[in-house]
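Listed below are the residues making up each chain.
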Amino acid sequence: ADTCGVKWPDGFFANLSCTPYYKQVWDLLEAGKWEPTTFRTFSLFLTRATSYIGFGSWVGPMLLYASQRSRQAFGCEPDPIAYEQLALGVS
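Rules of the game
- Residues numbered from 1 in each chain as written.
- Predicted model: local features only at pLDDT ≥ 70, side-chain atom pairs only at ≥ 80, totals over all residues.
- Heavy atoms only, no water.
- Disulfide = S-S within 2.5 Å.
- Helix = DSSP H or I, 4+ residues; strand = E, 2+ residues; numbered from the N terminus.
- Buried < 20%, exposed > 50% of the residue type's maximum accessible area, 1.4 Å probe, protein only.
- Arc of directions from axis to C-beta.
- Contact = heavy atoms within 4.5 Å.
- Polar contact = N/O pair within 3.5 Å; in protein donor to acceptor, adjacent residues only side chain to side chain.
- Pairing = 2+ DSSP bridges.
- Phe/Tyr/Trp six-rings, centres within 6.5 Å; stacked < 30°, edge-to-face > 60°.

Draft legend 1. How the structure looks around the state of the cysteines. Scanning all chains against the criterion turns up one disulfide. A disulfide bridge connects Cys4 with Cys18, and the sulfur atoms are separated by 2.3 Å. Residues Cys4 and Cys18 are joined by a disulfide whose S-S torsion is about 85°; by sign, that bridge is right-handed. Here Cys18 lies in the loop between strand 2 (13-17) and helix 1 (20-30) and Cys4 lies in strand 1 (residues 3-7), a separation of 14 residues in the sequence. A single burial state applies to Cys4 and to Cys18, both of which are buried.

Here you go:
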């Protein structure tokens with residue numbers, strides 16, 4: 001799959017797998033329309049002194065963001081298709 005650059009709230013940037021479906025997700029994220037309340041909550045509570053555990057990490061938007069804000073971040077994803085995209089994003 002192609003890659004695209006994605007910028008998160010607070011300026012975190014990553015090059016990720018960018019199929020047409022996921023490109024829509026990354027575009028919404030960059031526009032601040034992908035779970036804005038979750039990002040605000042993460043900004044308040046995740047620090048270099050905290051750890052993050054995400055269940056149902058999907059393709060990684062929250063896990064990747066949390067990995068930049070917290071001491072350590074762990075994610076689980078049971079769906080094999082989403083897991084494949086997640087693994088591409090975190091490798």
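Draft legend 2. Geometry of helix 4 (residues 80-90). Buried residues of helix 4: Ala82, Gln85, Leu86 and Gly89, and no others. Along helix 4, the residues classed as buried sweep out an arc of 105° about the axis, all on the same side. Of the surrounding elements, those touching the buried residues of helix 4 are strand 2, helix 1 and helix 3 (61-69). N-capping of helix 4 is provided by Asp79, with a side-chain oxygen placed 3.0 Å from the backbone N of Ile81.

Draft legend 3. The pairing of strand 1, seen in detail. On strand 1, burial follows the alternation: Cys4 and Val6 on one face are buried, whereas Thr3, Gly5 and Lys7 on the facing-out side are not. With five bridges connecting them, strand 1 and strand 2 associate as antiparallel partners. Pairing of Val6 across the sheet is with Ala14, part of strand 2.

Draft legend 4. A look at the packing of aromatic side chains. Here the structure, examined in full by the defined rule, presents seven aromatic pairs. Relative to Phe12, the ring of Trp8 has its centre 4.7 Å away and its plane inclined at 50°; by these criteria the two rings are tilted.

Draft legend 5. Representation of the side chain of Ser57 within the structure. Along the chain, the position of Ser57 falls in the loop between strand 3 (51-55) and helix 3. A relative accessible area of 9% places Ser57 in the buried class. In contact with Ser57, other than residues within four places in its own chain, are Leu63, Gly75, Cys76, Glu77 and Leu86.

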